[in-house]
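For reference, the chains in residue letters:
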Amino acid sequence: MSYKAGIIKAITELKDRTGSSSIAIKKHMQAAMPADKKWLNATFLSTLKKAVADGDLVQVKNSYKLSADYKKKAITASKPKKKAAPKKKAAPKKKAAPKKKTAPKKKAAPKKKASTKKSATKKASKKKTATKKKSATKKKASTKKKATPKK
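Residues numbered from 1 in each chain as written. Predicted model: local features only at pLDDT ≥ 70, side-chain atom pairs only at ≥ 80, totals over all residues. Heavy atoms only, no water.

> Help me understand the overall build of the protein, please; the structure alone is not making it clear to me.
Counting secondary structure elements, the protein contains five helices and three strands. Relative to its full complement of 151 residues, the protein shows a buried share of 15%. Excluding contacts between residues fewer than 6 apart, the proportion of contacts in the protein whose partners are at least 24 apart in sequence is 47%. Working note: accessible area of the protein is about 14,500 Å², and carbon and sulfur atoms make up 60% of it. (Helix = DSSP H or I, 4+ residues; strand = E, 2+ residues; numbered from the N terminus. Buried < 20%, exposed > 50% of the residue type's maximum accessible area, 1.4 Å probe, protein only. Contact = heavy atoms within 4.5 Å. Areas by Shrake-Rupley, 256 points an atom, 1.4 Å probe, with all protein chains shown as cover.)

> Would you mind showing me how to read the packing of aromatic side chains here?
By convention here, two paired aromatic rings are described through the distance between centres and the angle between planes. With the rule as written, the count across this model stands at two aromatic pairs. Taking 5.2 Å as the distance between ring centres and 45 degrees as the angle between the ring planes, the aromatic pair formed by W39 and F44 counts as tilted. Summarising the burial analysis for this pair, W39 and F44 share the class buried. Pairwise contacts between aromatic rings join Y3, W39 and F44 into one cluster. (Phe/Tyr/Trp six-rings, centres within 6.5 Å; stacked < 30°, edge-to-face > 60°.)

> Got a minute to help me understand the pairing of strand β3 (residues 63–66) in this structure?
Along any regular strand, the residues point their side chains to alternate faces of the sheet. Note: strand β1 (residues 20–21) against β3, two bridges, orientation antiparallel. Across the sheet, residue S21 finds its bridge partner in β3, namely S63. In the sheet, strand β2 (residues 57–60) pairs with β3 via four bridges, with the strands oriented antiparallel. Residue pairing in the sheet places L57 in a bridge with L66 of β3. (Pairing = 2+ DSSP bridges.)

> Would you mind showing me how to read the pattern of salt bridges here?
Two side chains that carry opposite charge are able to pair once their charged atoms sit near each other. This model, assessed by the stated rule, comprises two salt bridges. Close ionic contact of K4 with D56 constitutes a salt bridge, the shortest N to O distance being 2.4 Å. Taken together, the residues span a long stretch of sequence, with K4 in helix α1 (residues 3–14) and D56 in the loop between α3 (41–54) and β2 at a distance of 52 residues. Exposure remark for K4: the relative accessible area of 32% places this residue in the partly exposed category. K50 is paired through a salt bridge with D54; the nearest N and O atoms lie 3.1 Å apart. In this pair, K50 and D54 are both assigned in helix α3, four residues apart and thus about one turn of the helix distant. For D54, a relative accessible area of 46% puts it in the partly exposed group. (Salt bridge = Lys/Arg side-chain N within 4 Å of Asp/Glu carboxyl O.)

> Please explain unusual backbone geometry as it appears in this structure.
Peptide bonds are mostly trans, and most non-glycine residues show a negative phi. Although it is not a glycine, K15 sits at a positive phi angle of roughly 50 degrees. The backbone of K61 shows a phi angle near 55 degrees, a positive value even though the residue is not glycine. Position of K61 among the secondary structure elements: in the loop between β2 and β3. What makes K61 exposed here is its relative accessible area of 77%.

> Which parts of the structure should I look at to understand the sheet that holds β1?
Strand pairing in a sheet relies on backbone hydrogen bonds, with the paired strands running either antiparallel or parallel. Strand order in the open sheet made by the three strands is β1-β3-β2, with antiparallel pairing throughout. At either end of the open sheet lies a strand with only one pairing partner, and these are β1 and β2. Across the face of the sheet, α1 comes into contact with β1, β2 and β3 while running at roughly 90 degrees to β3. (Axes fitted to C-alpha atoms, helices over the stretch in contact; angles between N-to-C directions.)

> What is the right way to read the side chain of S20 from this model?
Along the chain, S20 turns up in strand β1. For S20, a relative accessible area of 1% translates into the label buried. What S20 contacts, discounting residues up to four positions off in sequence, is I11, L14, I25, N62, S63 and Y64.

> Looking at this structure, I do not really get the confidence of the model for the protein. What am I missing?
Interpretation of this model should avoid reading the predicted coordinates in detail wherever pLDDT is low. Of all residues in the protein, 56% attain a pLDDT of 70 or more, and the chain-wide mean is 74. Confidence, read as mean pLDDT per element, is least for helix α5 (residues 109–142) in the protein (53) and greatest for β1 (92). (pLDDT = per-residue confidence, 0-100.)

Rendered as structure tokens:
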């Protein structure tokens, strides 16, 4: 496992709301590290700095969090891609049965127009009342006494 993968794994497993400190990340990684592998502190610190520079981590004071962009990338990468369904061989086309003609239905368009006019007038009246309320609040604000300048 690379240091970057270990750092990201440690931050997600620690689940600290304010972010995980570099010391906590280091301890978590060392506990999960196999015994035969040597700890390289310089590599760890340089990987932390590089992850912040790349935008994968966000540094908040002395703590590190996963950035929102990195979280989005991780979610999209974890979703399995849907494979295109294999195309089936085209079946021989059947002749379409002749459709029966139906009588055209009468539309009630005039009624709809009348209802839209009513709703338009209702909307206009609501707008008028809203403007009246706004002007009333402005008057109240302007009636406040002005502070006298100090001598």
